[in-house]
Amino acid sequence: MPVLLAPDRAPALSELLRAADTVGLGCSITGTPDSGALKIAGIGSLASAGSSEISFLSNPRLQSQLDDCGAAAVILRQQDWDAYQSRCDGPPSWAAVLCPQPYLMYALLAQWFDRHRQAGLPQGIHPSAVIAEDAVLADDVHVGPLSVIESGVHIGPGVRIGPGCVIGADSSIGADSLLHAHVTLYHDVHVGARAILHSGVVLGADGFGFAPDPRTPGAWAKIAQLGGVRIGDDVEIGANTTVDRGAVEDTVLGDGVKLDNQIMIGHNCRIGDHTAMAACVGVAGSTTMGQRCVIGGAAMFGGHLTLGDDVHISGGTAVTSDILTPGRYTGVFPVAEHSAWQHNAAVIGQLAQLRKRLRAVERQGAAGMPGQPTNPKQDTR
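Residues numbered from 1 in each chain as written. Predicted model: local features only at pLDDT ≥ 70, side-chain atom pairs only at ≥ 80, totals over all residues. Heavy atoms only, no water.

Trainee: Before we go on, may I ask you to explain the overall build of the protein chain in this structure?
Mentor: Within the protein chain one finds five helices and 36 strands. Whereas a compact globule of 381 residues would reach a radius of gyration of roughly 21 Å, the protein chain reaches 28 Å, over 25% beyond that. Expressed along its principal axes, the backbone C-alpha trace of the protein chain runs to roughly 90 × 80 × 30 Å. In the protein chain, of all internal contacts separated by at least 6 residues, the share reaching a separation of at least 24 is 22%. Of the roughly 20100 Å² that the protein chain leaves accessible, carbon and sulfur atoms contribute 57%. (Helix = DSSP H or I, 4+ residues; strand = E, 2+ residues; numbered from the N terminus. Rg over C-alpha atoms; globule rule 2.2 N^0.38 Å. Contact = heavy atoms within 4.5 Å. Areas by Shrake-Rupley, 256 points an atom, 1.4 Å probe, with all protein chains shown as cover.)

Trainee: Which parts of the structure should I look at to understand the nonpolar core?
Mentor: Soluble globular proteins tend to pack their nonpolar side chains together in the buried interior. Judged by nonpolar contacts, the single largest core of 47 residues is most densely connected at Leu 185, Leu 203, Met 277, Ile 295 and Phe 301. Put simply, the parts of the chain that give this core at least two residues each are β16 (189–191), β21 (229–231) and β34 (311–313). Among all residues touching Phe 301, those that are not within four sequence positions of it are Val 281, Gly 282, Val 283, Ala 284, Met 289, Ile 295, Leu 307, Ile 313 and Val 319. (Core = buried A, V, L, I, M, F, W, Y, C linked by side-chain atoms within 4.5 Å. Buried < 20%, exposed > 50% of the residue type's maximum accessible area, 1.4 Å probe, protein only.)

Trainee: Before we go on, may I ask you to explain the packing of aromatic side chains in this structure?
Mentor: Each aromatic ring pair is specified by the distance between its two centres and by the angle formed by the two planes. Under the counting rule described, the total for this entry stands at eight aromatic pairs. Seen from their ring centres, Tyr 103 and Tyr 106 are 5.8 Å apart, and the 35° between their planes marks the pair as tilted. With Tyr 103 and Tyr 106 both in helix α3 (residues 102–119) and three residues apart, the pair spans about one turn of that helix. For the pair Phe 208 and Phe 210, a centre-to-centre distance of 5.1 Å together with 70° between the ring planes defines the contact as edge-to-face. The class of Phe 210 is partly exposed, set by a relative accessible area of 34%. (Phe/Tyr/Trp six-rings, centres within 6.5 Å; stacked < 30°, edge-to-face > 60°.)

Trainee: Sorry, what's going on with a nonpolar patch on the surface here?
Mentor: A cluster of nonpolar side chains, contributed by Phe 333, Trp 341, Val 347, Ile 348, Leu 351 and Leu 354, occupies part of the molecular surface with about 500 Å² of accessible area. Within the secondary structure, Ile 348 sits in helix α4 (residues 338–348). The partly exposed category is assigned to Ile 348, whose relative accessible area is 45%. (Patch = residues over 30% accessible without salt bridge, like charges linked within 9 Å, V, L, I, M, F, W, Y side chains within 5 Å. Salt bridge = Lys/Arg side-chain N within 4 Å of Asp/Glu carboxyl O.)

Trainee: I'm lost on the sheet that holds strand β28 (residues 276–277) in this one. Help?
Mentor: Strand-to-strand pairing in sheets goes through backbone hydrogen bonds, with the strands running parallel or antiparallel. Pairing is parallel in the open sheet, where 10 strands are placed in the order β8-β11-β14-β17-β22-β25-β28-β31-β34-β36. On the outer flanks of this sheet lie β8 (142–143) and β36 (327–329), each paired with one strand and no other. (Pairing = 2+ DSSP bridges.)

Trainee: Explanation requested: unusual backbone geometry in the structure shown.
Mentor: As a rule of thumb, non-glycine residues mostly have phi less than zero, and peptide bonds are mostly trans rather than cis. The phi torsion at Asp 234 lies on the positive side, around 60°, for a residue other than glycine. In this fold, Asp 234 is placed in the loop between β21 and β22 (236–237). Of note, the phi angle at Arg 292 is positive, near 60°, even though the residue is not glycine. Among the secondary structure elements, Arg 292 is positioned in the loop between β30 (288–289) and β31 (294–295). Overall, Arg 292 belongs to the partly exposed group, its relative accessible area being 36%.

Trainee: Help me out: how do you make sense of the sheet that holds strand β12 (residues 166–167) in this one?
Mentor: Pairing within the open sheet is parallel, and its 10 strands lie in the order β6-β9-β12-β15-β18-β23-β26-β29-β32-β35. The sheet is open, and its two edges are formed by β6 (130–131) and β35 (318–319), each paired on a single side. With two bridges joining them, strand β23 (residues 242–244) and strand β26 (residues 264–265) adopt parallel strand pairing. For Thr 242, the partnering residue across the bridge sits in β26 and is Met 264.

Trainee: When you look at the state of the cysteines in this model, what are you seeing that I'm missing?
Mentor: Structurally, a disulfide amounts to a covalent bond that connects the sulfur atoms of two cysteines. Tallied over the full model, the rule gives zero disulfides. This cysteine, Cys 269, is not joined by any disulfide, and Cys 293 carries the nearest cysteine sulfur, 13 Å off. The buried category is assigned to Cys 269, whose relative accessible area is 0%. (Disulfide = S-S within 2.5 Å.)

Trainee: Sorry, what's going on with the pairing of strand β4 (residues 73–76) here?
Mentor: Within a regular strand, side chains alternate between the sheet's two faces. Residues Ala 73 and Ile 75 line one face of β4 and the alternating positions Val 74 and Leu 76 line the opposite face, and both faces are buried. In this structure, strand β3 (residues 53–56) lies alongside β4, joined through three bridges in parallel fashion. Of the residues in β4, the one forming a bridge with Phe 56 is Ile 75. By the bridge criterion, four bridges tie β4 to strand β5 (residues 95–98) in an arrangement that is parallel. Of the residues in β5, the one forming a bridge with Ala 73 is Ala 95.

Trainee: Even after reading the chapter, I still don't get the pattern of salt bridges, so can you show me in this structure?
Mentor: For side chains of opposite charge, pairing can occur when their charged atoms come near one another. Within this structure, the stated rule accounts for nine salt bridges. Across the pair Asp 67 and Arg 87 runs a salt bridge, and its minimum N-O distance is 2.9 Å. With a gap of 20 residues between them, Asp 67 in the loop between β3 and β4 and Arg 87 in helix α2 (residues 78–87) connect regions that are remote in the sequence. The exposure class of Arg 87 is partly exposed, given its relative accessible area of 39%. Arg 77 is paired through a salt bridge with Asp 80; the nearest N and O atoms lie 3.4 Å apart. For the residue pair Arg 77 and Asp 80, the accessibility class agrees, reading buried in each case.

Trainee: What is the right way to read the pairing of β5 from this model?
Mentor: Side-chain alternation along β5 places Ala 95 and Val 97 on one buried face and Ala 96 and Leu 98 on a second face that is also buried. Bridging between strand β1 (residues 28–30) and β5 involves three bridges; their strand directions are antiparallel. Along β5, the bridge assignment pairs Ser 28 with Leu 98.

Next comes the structure, spelled out in structure tokens:
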């Protein structure tokens, strides 16, 4: 990674650790008496970091990269520091920052550098932006070129809205949120503080609600989607991900939810705090997920389902019924004609019992053959 700050703006190592909200991680600097005064201007990998950058070791298998590391400082666990000292003569050229969670500390430091990067970006409201007269924007809000902010919108302090965004009527955005280019919020969409919405995010499009209309064979009557969308604090939503508005009640994403790219959240869904989803997940309407769930890429959820807290779903799994017990669940099955798939799926669920029955039949047959033991050991697997 390139150096992120000019030398005159680079903080001392000890100052950086305090400023990056690392309180509670129990970190300490090991090196010369002057190690805490080292100027840190950026972050780099063990292989590429330079003399003004800090690096980190979170995977012990990369221990050998410490030998030639050119960083000013390296974040690592006590056990990795002890292992380095036991196999190397003399002190390293870098200062050791001992921390039980190096990867987390790296994340906090990266956030600190990114905040300073954003502080250097253009500020203010671009002349080409269109803003309704009754919209309320905090004094330090940035609005990029060609963005549109409609009537009744409230935007909190420190918000950055990229070029080409649309903020629909009566919506709101909490403090210090970041909207990248071409984000669209329909009307009555409410985003909490410190959100990050990547390009192409659409919040509040109509849910897929239609009623059969027998007056015309095969026709559908649209159900107007009258609810909104509510997004909690510290939520990040990836590029081209969509969250549909509710039919009557709001679609809700809790605090700390993390959504990857190209995810679809259907209308009236409720996603619990700190749940994370990898790319291409599809969640049909009125599904409720608990807190701290982890959803693998391309997993699919039928509508009107409930997942409890701490449920982990493996990638590509199709979930068609409620899961209320914490744990990891996996189900990947080849495509087939539907009735054949139903029969095969029923058999798959009985495989363990079928195996035991088959082994019992094999033992009975073997017992009647000459030369076989009369009491073969029971197979309990």
